[in-house]
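One-letter residues, chain by chain:
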Amino acid sequence: MRLRVSDEVRETLAGGGAVVALESSLIAHGLPHPHNVEAALSSEAAVRKAGAVPATTALADGELVVGADMALIERLADLAQPTAKAGARDLGPLLAAGRVAATTVSASMRLASLAGIRVMATGGIGGVHRGAGASFDISSDIDELAATQVAVVCSGAKAMLDVPATFELLESRRVPVIGIGTDHVPIFYAAASSLPVAHRVDSAAAAAAAIGAHFGLAGSGGILFVQPPPPELALDAGEVEAWTAEALEAADAAGAVGTALTPFVLAHVARASQGRALQANIGLIVNNARTAGSFAAALANAASPMR
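Below you will find a few notes about this structure. Each chain carries its own residue numbering, running from 1 in the direction its sequence is written. Local features in this predicted model are restricted to residues of pLDDT 70 or higher, and side-chain atom pairs are both shown and tallied only at a pLDDT of 80 or more, whereas totals for entire chains, interfaces and linings draw on every residue. Values shown for side chains rest on all heavy atoms present in the structure; no hydrogens or waters enter the calculation.

Secondary structure is summarised from DSSP: a helix means a run of H or I of at least four residues, a strand means a run of E of at least two, and numbering begins at the N terminus for each. Tracing the backbone through its elements, the reader meets H129 in the loop between β7 (119-121) and α7 (132-135). The contact definition used throughout considers only heavy atoms, calling two residues in contact when any of these lie within 4.5 Å. With residues up to four places along the chain from it excluded, the contact list for H129 reads D137, M160, L161, D162 and L261.

So, in structure tokens, the structure goes:
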């Protein structure tokens, strides 16, 4: 297997230390330059400040990369260069072709698992798209969460999705959804929805205990933690819905489908909100990385009480 794990990540894992995997699709497809580099580096810094080592995932030069260096992050951030968008299904073909690719949640989970990392952070997961009853458009993030033992910290599902259906499907696929200091599912930019979560944690130690207990059950897959964006950046849910509806109509008119849909909608909402959605997006990404770092540190400490 062509898996390239950075020296720092490999040594930290070997010593029982804390590591957090970070996806790279936000660098290549989710945010404009230079905000993409800012978010990537700020996320890594937030993980470190929380007591863990960051491991940004990607594909490059015929290798699966866990722990991208600055040169690779800059390659991914160069929007003038073609960068593939890799879900878990795409890893083999892209690896064989030697393509440079940014990893979505599902691919990042798979790479994290291969490297032995148990915690990752992202902005929002993919899920059930609006109109999926006719299109069957459902993100592979759902099945990856059901199958792969990685704890994912996020701010819920992306606002462009059918959020209630997404969380119903997660329940059907036996994925625990746990609120971080909240009793309701956040909707990406917006602080909360009316959707309740079945479980809640209010500390990193409690989250680590839940992760350890869940992963200790035979046949269990991943676990999803959701937290609202920082209060000072959270947007009104009604405004977000209006902008998202406009964006989806524009995407339909422009023929933006498949992997092109999410970046199209995010860009449209960023413009419609006069940059407020972009700042909220970056803020929640970094905040989730910080929280994931604290969870990974608590998990490592629980495994090694003498640390």
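The next thing to look at is the pattern of salt bridges. Salt bridges are defined by distance alone: a side-chain nitrogen of Lys or Arg within 4 Å of a carboxyl oxygen of Asp or Glu. With the rule as written, the count across this model stands at 11 salt bridges. R48 is the partner of E8 in a salt bridge, and the nearest nitrogen-oxygen pair spans 2.8 Å. With E8 in helix α1 (residues 7-14) and R48 in helix α3 (residues 35-49), this residue pair connects regions lying 40 residues apart in the sequence. Working definition: with a 1.4 Å probe on protein chains only, accessible area under 20% of the residue-type maximum means buried, over 50% means exposed, and in between means partly exposed. Judged by relative accessible area, which is 35%, E8 ranks as partly exposed. On the accessibility criterion, R48 (41% relative accessible area) is partly exposed. One salt bridge connects E239 with R276, and the closest N-O pair in it is separated by 3.2 Å. Placement of E239 in helix α11 (residues 237-254) and of R276 in helix α13 (residues 276-303) is noted, with a sequence separation of 37 residues between them. We classify E239 as partly exposed; its relative accessible area is 31%.

Another point: the pairing of strand β4 (residues 63-66). One ladder, built from three bridges, connects strand β1 (residues 3-5) with β4; its direction is parallel. By the bridge assignment, R4 is partnered in β4 with V65. Only strands joined by at least two bridges in the DSSP assignment are considered to pair. Taking the residues that link successive antiparallel strands as the turn, the strand β3 (residues 53-60)-β4 hairpin has two residues, and the phi of D61 there is positive, at about 55 degrees.

Another point: the packing of aromatic side chains. Note on aromatic pairs: the rings of Phe, Tyr and Trp (six-membered ring only in Trp) are paired at centre separations within 6.5 Å, and the planes decide the class, stacked below 30 degrees, edge-to-face beyond 60, tilted for the rest. In the structure shown here, the tally under the stated rule is two aromatic pairs. With a centroid separation of 4.7 Å and an interplanar angle of 55 degrees, the aromatic rings of F188 and Y189 are classed as tilted. Look at F188 and you get buried, because its relative accessible area is 2%.

Turning next to helix α12 (residues 261-272). Helix span is expected to be 1.5 Å times the residue number reduced by one. The end-to-end C-alpha distance of α12, which contains 12 residues, comes to 16 Å, matching closely the 16 Å that a straight helix rising 1.5 Å per residue would cover. Residues of α12 that are buried include every one of L261, T262, V265, L266, H268, V269 and A270, and no others. Phi turns positive one or two residues past the end of α12, at Q274, with a value near 55 degrees.

On to the nonpolar core. V20, I117, F167, L170, Y189, L224 and F225 are the most contacted members of the largest nonpolar core, which has 105 residues in total. Ranked by the residues each element gives to this core, the list is headed by α13, at 13 residues. In this structure L224 touches I125, L145, V152, C154, F167, L170, V175, P176, V177 and I178, once residues within four positions along its chain are discounted. Definition used in this section: a nonpolar core is a set of buried Ala, Val, Leu, Ile, Met, Phe, Trp, Tyr and Cys residues joined via side-chain atoms within 4.5 Å.

Further remarks concern the pairing of strand β2 (residues 19-22). Within a regular strand, the side chains alternate between the two sheet faces. The two faces of β2 match: V19 and A21 on one face and V20 and L22 on the other face are all buried. In this structure, β2 lies alongside β3, joined through four bridges in parallel fashion. By the bridge assignment, V20 is partnered in β3 with P54. In this sheet, β7 lies alongside β2 in parallel orientation, the contact comprising two bridges. Note on β7: the bridge partner recorded for L22 is A121.

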